[in-house]
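This is what each chain is made of:
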Amino acid sequence: MWHVVGQNRVVSLLQRSLEKEALAHAYLFVGSPHVGKMTLALNLAQALNCEASEPPCGECASCQKIASAKHADVQIIGVTSNGDSAEAKPRVEIGIDQIRQMQHSANLPPFEGRYKVFIIDRAEFLSNEAANCLLKTLEEPVGEVIFILLTVNDRLLPATVISRCQRLELPPLAASEVEAALGSRWGVESPKAKFLAGLSHGCLGWAVSAIIDDGVLQQRAERMDRLIDIINANYEERFAYAAQLVAQFNKNRGLVQEVLDLWLEWWRDLLLVKVGCDNVITNIDHKAALVDMAGGYKLAQIKGFINSIQAAEEQLRRNANPRLVLEVLMLSIPRRKYG
Ligand SMILES: [Zn+2]
């Protein structure tokens, strides 16, 4: 029983490969944050080392150790902050030392299981040296070792690394799948499950984190209030906001991506309200504000700004100057003409 919710296409592909003993020696899981990449990677590690007749059982000693990160043969390699760097701002990356340690460990036989599994989380943060070092390992497969790279954006990885992996894309779940899973597995009741499913954009892990940690929704509400303020603010305040985002971007570009996704979500809702589809908006808790704001814009203005947000996200992905991109975006918030 695979624990990951949805992802049927990818799960059945992996299941068939397991049955035929035709596994790739390296996988690349690509998907949005919280869509289930790590859950699936751990599930695959369980399936490879499970002691039951129908792996992954989730219950045997091996499966349980893997679920609680205590299995000697399953290792997760992730980003660390390189605070000792001589540069002014610490770099967040997966360094070459981490990859060398992993290679050393990969050369030893499995300690307690059948396979060694190395999960490289947020592989887009591999430093150039680390990626080159990893490439050597991927080019010379050794026996019972499987590498699973996880990334939100494989365009940030060297093509040489991607070409050595079997690439599997994890699409967002349907809102109904998220809602059902929240109900059946986490006991969340209907109105809240529906609300969280809408906000999650198909990323169940986000909805689960919002159940476990009140701060997630709190932070979202604060960002949303700020967003509404900025739409109504003068240029000076908008530039100050852009500067704050730039400072965040330099520390953690993922956070700025989240904020821009909120902007996109808000303007999509404005569009839906404008065309009379307010029963399918995401921010149902802000419906009155959306209706009020949509009244002040023409449809073309809303569409135009949605394009601007998407263009800004794309430019940031392509490593454009964040200050320029974000300031231009703040300047292009349309002016409300009426309402
Ligand atoms: Zn098991």
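This is a predicted model, so every value here is computed, not measured.

Caption draft 1: Summary view of the coordination of the zinc ion. Donor atoms from the polypeptide that bind the zinc ion are Cys 50 (SG), Cys 57 (SG), Cys 60 (SG) and Cys 63 (SG), placed at 2.2 to 2.3 Å. Linear spacing of the donor residues for the zinc ion on their chain is C-x6-C-x2-C-x2-C.

Caption draft 2: Up close: the pattern of salt bridges. This structure, assessed with the given rule, holds twelve salt bridges. Glu 314 serves as the salt-bridge partner of Arg 318, at 2.7 Å between the closest nitrogen and oxygen. Take Glu 314: its relative accessible area is 21%, and that puts it in the partly exposed class.

Caption draft 3: Inspection of the packing of aromatic side chains at higher detail. Using the criterion set out here, one finds six aromatic pairs in the structure. When the centroid spacing of 6.0 Å and the interplanar angle of 50 degrees are considered together, the rings of Tyr 241 and Trp 263 count as tilted. Here Tyr 241, found in helix H11 (residues 235-251), pairs with Trp 263, found in helix H12 (residues 253-274); they are 22 residues apart in sequence, far enough to count as distant. On the basis of relative accessible area, Trp 263 is assigned to the buried category, the value being 0%. Aromatic side chains Trp 263 and Phe 305 sit 6.2 Å apart centroid to centroid with 70 degrees between the ring planes, which places their arrangement in the edge-to-face category. In this pair, Trp 263 sits in helix H12 while Phe 305 sits in helix H14 (residues 299-317), placing the two residues 42 residues apart along the sequence. Each member of the aromatic cluster is reached from another via a ring pair, and the members are Tyr 241, Trp 263, Trp 267, Tyr 297 and Phe 305.

Caption draft 4: Summary view of the sheet that holds strand E6 (residues 145-151). On the basis of which strands lie adjacent, the open sheet formed by five strands has the order E2-E5-E6-E1-E7 and parallel pairing. In this open sheet, the two strands that pair with only one neighbour each are strand E2 (74-77) and strand E7 (166-169). Recorded for the sheet is a direction-independent mean angle of 20 degrees between the axes of neighbouring strands. The pairing of strand E1 (residues 26-30) with E6 spans five bridges and is classified as parallel. Across the sheet, the residue bridging to Val 30 is Thr 151, located in E6. Its contacts with the sheet place helix H1 (residues 8-19) against E1 and E7, and it is angled at close to 145 degrees to E7. Each of E1, E2, strand E5 (116-120) and E6 is contacted by helix H2 (residues 37-49), which is oriented at about 170 degrees to E6, the strand it contacts most.

Caption draft 5: Seen up close, the environment of Val 142. Tracing the sequence through the fold places Val 142 in the loop between helix H5 (128-139) and E6. The partly exposed category is assigned to Val 142, whose relative accessible area is 36%. Taking the C-alpha atoms as reference points, Val 142 and Lys 274, 132 residues apart in sequence, are found 58 Å from one another. For Val 142, the residues in contact, after removing those within four places along its chain, are His 25 and Ala 106.

Caption draft 6: Inspection of the side chain of Asp 73 at higher detail. Turning to its location among the elements, Asp 73 is positioned in the loop between helix H3 (61-67) and E2. Here Asp 73 occupies a buried position and makes no salt bridge, while the nearest side chain of opposite charge, Lys 116, is found at 4.2 Å. Contact partners of Asp 73, with chain neighbours within four places excluded, come to Pro 110, Phe 111, Glu 112, Gly 113, Tyr 115, Lys 116 and Val 117.

Caption draft 7: Geometry of a nonpolar patch on the surface. A cluster of nonpolar residues, Tyr 235, Phe 239 and Leu 331, forms a patch on the protein surface that exposes about 270 Å² of accessible area. On the secondary structure map, Phe 239 appears in helix H11. Look at Phe 239 and you get partly exposed, because its relative accessible area is 32%.

Caption draft 8: Structural context of a negative patch on the surface. A surface patch of like charges, here negative, comprises Glu 222, Asp 225, Asp 229, Glu 236 and Glu 237. Among the elements that line the negative patch, the one with the most residues is helix H10 (residues 214-231), at three residues. Locating Glu 237 in the fold gives a position in helix H11. Assessed through its relative accessible area of 45%, Glu 237 is described here as partly exposed.

Caption draft 9: Fine view of the packing of H14 against helix H15 (residues 322-331). Look at H14 against H15: their axes get within 10 Å of each other, and the N-to-C directions meet at 175 degrees. Our classification of the angle between H14 and H15 gives roughly antiparallel. Within the contact between the two elements, H14 uses Phe 305, Ser 308, Ile 309, Ala 312, Gln 315 and Leu 316 and H15 uses Pro 322, Val 325, Leu 326 and Leu 329. Taken together, the residues of the contact of H14 with H15 break down into eight nonpolar, two polar and no charged.

Definitions and limits used
Here the residue numbering is sequential within each chain, running from 1 through the sequence in written order. In view of the model being predicted, local features appear only for residues whose pLDDT reaches at least 70, and side-chain atom pairs are presented and counted only at 80 or more, with totals across whole chains, interfaces and linings using the full set of residues. Excluded from the side-chain calculations are hydrogens and water; all other atoms, namely the structure's heavy atoms, are used. Metal donors were taken as nitrogen, oxygen and sulfur atoms no farther than 2.8 Å from the ion, or 3.2 Å where the ion is Na, K or Ca. Water is excluded, so coordination may look unfinished. A carboxyl oxygen of Asp or Glu within 4 Å of a side-chain nitrogen of Lys or Arg is what we treat as a salt bridge. Here's how the labels work: a residue is buried when its accessible area is under 20% of the maximum for its type, exposed when over 50%, partly exposed in between, all with a 1.4 Å probe on protein chains only. For this analysis, a ring pair means two rings from Phe, Tyr or Trp (six-membered ring only for Trp) whose centres lie within 6.5 Å, classed as stacked if their planes differ by under 30 degrees, edge-to-face if by over 60, and tilted for the remaining angles. By the criteria applied, helices consist of DSSP H or I runs no shorter than four residues and strands consist of E runs no shorter than two, each listed in order from the N terminus. A pair of strands is labelled paired if DSSP reports no fewer than 2 bridges between them. All axes here are fitted lines through C-alpha atoms, helices being fitted over the stretch that makes contact, and every angle between N-to-C directions spans 0 to 180 degrees. In what follows, a contact means two residues having at least one pair of non-hydrogen atoms within 4.5 Å. Only four residue types enter the tally: Lys and Arg on the positive side, Asp and Glu on the negative side, with His and both chain ends excluded. Patch membership is restricted to residues that have no salt bridge and whose relative accessible area is over 30%. Joining uses 9 Å for like charges and 5 Å for the nonpolar side chains Val, Leu, Ile, Met, Phe, Trp and Tyr. Note that accessible areas follow from Shrake-Rupley with a 1.4 Å probe, and for residues the cover is restricted to the protein chains shown. Here the site of a charge means NZ on Lys, CZ on Arg, CG on Asp, or CD on Glu. We call two directions roughly parallel when the angle between them is under 35 degrees, roughly antiparallel when it is over 145, roughly perpendicular when it lies between 65 and 115, and oblique otherwise. Nonpolar residues are Ala, Val, Leu, Ile, Met, Phe, Trp, Tyr, Cys and Pro. Charged residues are Asp, Glu, Lys and Arg, and all others, Gly as well, are polar.

Without other data, these values stay purely geometric and don't point to any function.
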